[in-house]
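The chain contents come next:
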Amino acid sequence: MTVTVRFDEVQVGTELPAGSFPVTRATLVQYAGASGDFNPIHWNEKFALEVGLPDVIAHGMFTMAEAVRIVTDWTGDPAAVVEYGVRFTKPVIVPNDGVGATVGVTGKVAALLDDNRVRVDLVATSEGQKVLGMARAVVRLG
C-alpha cells in the first residue's frame with residue numbers, strides 16, 4: 001500500500017473524515033476469538049453485572065483499533081502510523097438488543113512534525129460519552 005495523503009497538503013486543523021463503527025455482541029465474540037481475550041466481561045452479561053459493570057463491555061484494545069481506522073483510511077496505508085496511544089476513559093457498553101453500540105470517531109491534524117510526520121488527535125465517543133482520552137497517532141505522510 002502507498003500513503004495517499006501528502007505532507008504538503010495538510011495543515012494544523014485539517015479534519016479527517018469521521019467514522020462510525022457498530023459494535024455488537026457478535027463482534028465482541030469474533031474479536032475474542034481473534035485476540036484470545038475471552039474475559040467474560042466482554043460476552044457474559046450475568047458475569048459483567050456481577051462484577052459491577054452496567055452490561056457487557058467492548059474490549060479496550062478493540063475500541064482502540066476501531067478508532068485508529070479513520071487514520072489508516074485517511075492515509076491509505078496502515079504502515080504510515082508510526083506511533084499510537086490512548087487512555088481508556090469509559091467502556092463501550094454493548095447491550096444485547098440486536099443493535100449493540102456505536103463508536104463514533106473524529107480526528108484532526110494537531111501538529112506538523114519533522115520527517116513528513118503529523119500528529120493526529122482523535123475523539124472517540126459512544127452514547128455521548130468520550131471513551132478514549134489522549135488518543136493520538138503520529139503518521140508519516142508522502
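Conventions and cut-offs
- Residues numbered from 1 in each chain as written.
- Predicted model: local features only at pLDDT ≥ 70, side-chain atom pairs only at ≥ 80, totals over all residues.
- Heavy atoms only, no water.
- Helix = DSSP H or I, 4+ residues; strand = E, 2+ residues; numbered from the N terminus.
- Expected span 1.5 Å × (residues − 1).
- Bend = angle between axes of the 7 residues up to and from the residue.
- Buried < 20%, exposed > 50% of the residue type's maximum accessible area, 1.4 Å probe, protein only.
- Contact = heavy atoms within 4.5 Å.
- Core = buried A, V, L, I, M, F, W, Y, C linked by side-chain atoms within 4.5 Å.

1. Some remarks on helix H3 (residues 60-75)
Under the 1.5 Å per step criterion, the end-to-end length of H3 is 24 Å for 16 residues, consistent within 8% with the ideal 22 Å. Considering bend angle alone, the principal kink of H3 is centred on Val68 and spans about 30 degrees. Residues Phe62, Thr63, Met64, Glu66, Ala67, Val68, Ile70, Val71, Thr72, Trp74 and Thr75 constitute the buried set of H3. Those residues of H3 that are buried lie in contact with strand S1 (15-23), helix H1 (25-35), strand S2 (81-88), strand S3 (101-112), strand S4 (117-126) and strand S5 (129-140).

2. Examining the nonpolar core
Counting 35 residues, the largest nonpolar core has Val71, Trp74, Val105, Val118, Val120, Val139 and Leu141 as its most contacted members. When contributions to this core are tallied by element, the ones reaching two or more residues are S1, H1, H3, S3, S4 and S5. The element that contributes the greatest number of residues to this core is H3, accounting for 7 residues. Those residues in contact with Trp74 that lie beyond four places of it in its chain are Thr4, Val5, Val10, Leu16, Pro17, Val109, Val118, Val120 and Leu141.

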